Amino acid sequence: MTVTSSATSNDLPLLLEQVEVVLVDRLSPSFVRVELGSPALAEFGVDGPLYDQRIKLVFPGTDGVPHVAGVDEAAMAAWFERPAEERGHMRTYTVRDVRGSGADTRLVVDIVLHVGDGPLGPGAAWAEQVSVGDRLVVMAPRRGVPFGGIEFVPGAADRLLLAGDETAVPAIASILADLPVDARGAAYLEVPLSADVQTVRHPVGVTVTWLPRDGAERGVAVTQAVLDHLGAPLDLPEVDEVDPDLWETPTYSSSGEDIDEAVTVVGHDLDGLYAWIAGESRLVTGLRRALVKDLEVDRRQVAFMGYWRLGVAMKS
Ligand SMILES: Cc1cc2nc3c(=O)[nH]c(=O)nc-3n(C[C@H](O)[C@H](O)[C@H](O)COP(=O)(O)OP(=O)(O)OC[C@H]3O[C@@H](n4cnc5c(N)ncnc54)[C@H](O)[C@@H]3O)c2cc1C
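Residues numbered from 1 in each chain as written. Predicted model: local features only at pLDDT ≥ 70, side-chain atom pairs only at ≥ 80, totals over all residues. Heavy atoms only, no water.

**Q** Hey, could you run me through the site of the ligand in this one?
**A** Close contacts around the ligand come from 26 residues, with T92, V112, P119, G123 and M314 the closest. Here an oxygen atom of the ligand and a backbone polar atom of V112 are 2.7 Å apart. Here an oxygen atom of the ligand and a backbone polar atom of G123 are 2.7 Å apart. Contact with the protein chains covers 87% of the free accessible surface of the ligand, which is 970 Å². Judged by its atoms lying within 2 Å of the grid points, the ligand is housed in the largest pocket. For the shell around the ligand, the secondary structure elements donating two or more residues are β4 (89-94), β6 (106-112), α3 (122-129) and β14 (302-308). The element best represented in the shell around the ligand is β4, accounting for 4 residues. Tallied by class, residues from the shell around the ligand come to 13 nonpolar, 8 polar and 5 charged. Residues from two domains meet in the shell around the ligand; each of domain 1 (5-140) and domain 2 (159-308) gives at least three. (Near = heavy atom within 4 Å. Polar contact = N/O pair within 3.5 Å; in protein donor to acceptor, adjacent residues only side chain to side chain. Areas by Shrake-Rupley, 256 points an atom, 1.4 Å probe, with all protein chains shown as cover. 1 Å grid on protein atoms, 1.4 Å probe; cavity = no way out; pocket = protein on both sides within 12 Å on 5 of 7 lines; lining within 4 Å. Sits in = over half its atoms within 2 Å of the grid points. Helix = DSSP H or I, 4+ residues; strand = E, 2+ residues; numbered from the N terminus. Nonpolar A, V, L, I, M, F, W, Y, C, P; charged D, E, K, R; others polar. Domains from an automatic or database assignment.)

**Q** So what exactly am I meant to see when it comes to the packing of aromatic side chains here?
**A** One pair of aromatic rings is described through two measures. These are the centre distance and the angle between the planes. The full count for this structure, using the stated rule, is 7 aromatic pairs. Look at F59 and W126: their rings are 5.2 Å apart centre to centre, the planes differ by 50°, and that puts the pair in the tilted class. Taken together, the residues span a long stretch of sequence, with F59 in strand β3 (residues 54-59) and W126 in helix α3 at a distance of 67 residues. Looking at F59, the relative accessible area reads 2%, which means it is buried. On the accessibility criterion, W126 (12% relative accessible area) is buried. (Phe/Tyr/Trp six-rings, centres within 6.5 Å; stacked < 30°, edge-to-face > 60°. Buried < 20%, exposed > 50% of the residue type's maximum accessible area, 1.4 Å probe, protein only.)

Right, here's the structure in full:
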């Protein structure tokens, strides 16, 4: 079927569209997979692999599902000014996969239920109740228009290290699926329960290790696994202060650090490494301290992303 740009409901540079839940798959105790469809998604796309492409979902508030037809940037700005409970809460997720094509394009999103992490936030609460036919709003890249939101940029690295908790599982799984067949490295995924372990596609040269907590302290297993992988004779890093907005990549520093001032240790054992680490901010802060401060890995070889903070609702 040929779909023209008239399938989309506005002229914004990004896709801001109502989508419908066309499939719900309760993958495991901690993950709900949804497929989101709309003819407007025929316009979805990025230039190259999706890797860890992030998108925004707007969950219906007391006003219902936001109307996006015909909105412009001024209308969007006015929408943001309204109370999130009324206009709908916005949260960040990863495109785990894309299925179908044209008007039948569907975005696959895996939502963590955060069981036992505190009161359910709007994202987890929506996912817990979701059924086919529900609607929400997605903000996603329109093909051919720069959108950003891909942080996985390994450059010429010959060895990859991917590590994260359950919220980073969709991104790590998507990165693994998009890697070239000759990629080399290791991925460590900490999940709440043994029952949350998934089967993921990955190059043979990248080992994938699942680390179910099964009641153990959050972040310890993945931190220890990364330190062991790097052969680092370090104790688990102590973390007193956690920046809930931690985001340190080769091109952006939430703490305002000057990336050009990064420490470069010539002839470092970890030359050629590219590390991508995401998840709960305390675990990411600890690993950042170990890699950048203790092991002196060059800031340009690492991306540390606080995907969420235990006990703190994400900004809407
Ligand atoms: C780039 C990126 C990609 C991501 N990809 C994914 C993905 O693919 N899948 C996924 O599931 N997540 C993903 N995340 C993480 C997700 O955005 C966060 O987990 C988000 O917080 C979920 O929203 P929520 O509404 O469920 O919880 P929130 O409302 O944001 O709450 C977060 C946590 O804080 C707790 N909390 C909130 N308020 C209180 C309070 N008053 N008292 C005590 N505790 C409280 C909640 O219990 C919850 O555990 C991603 C994040 C980023 C930045």
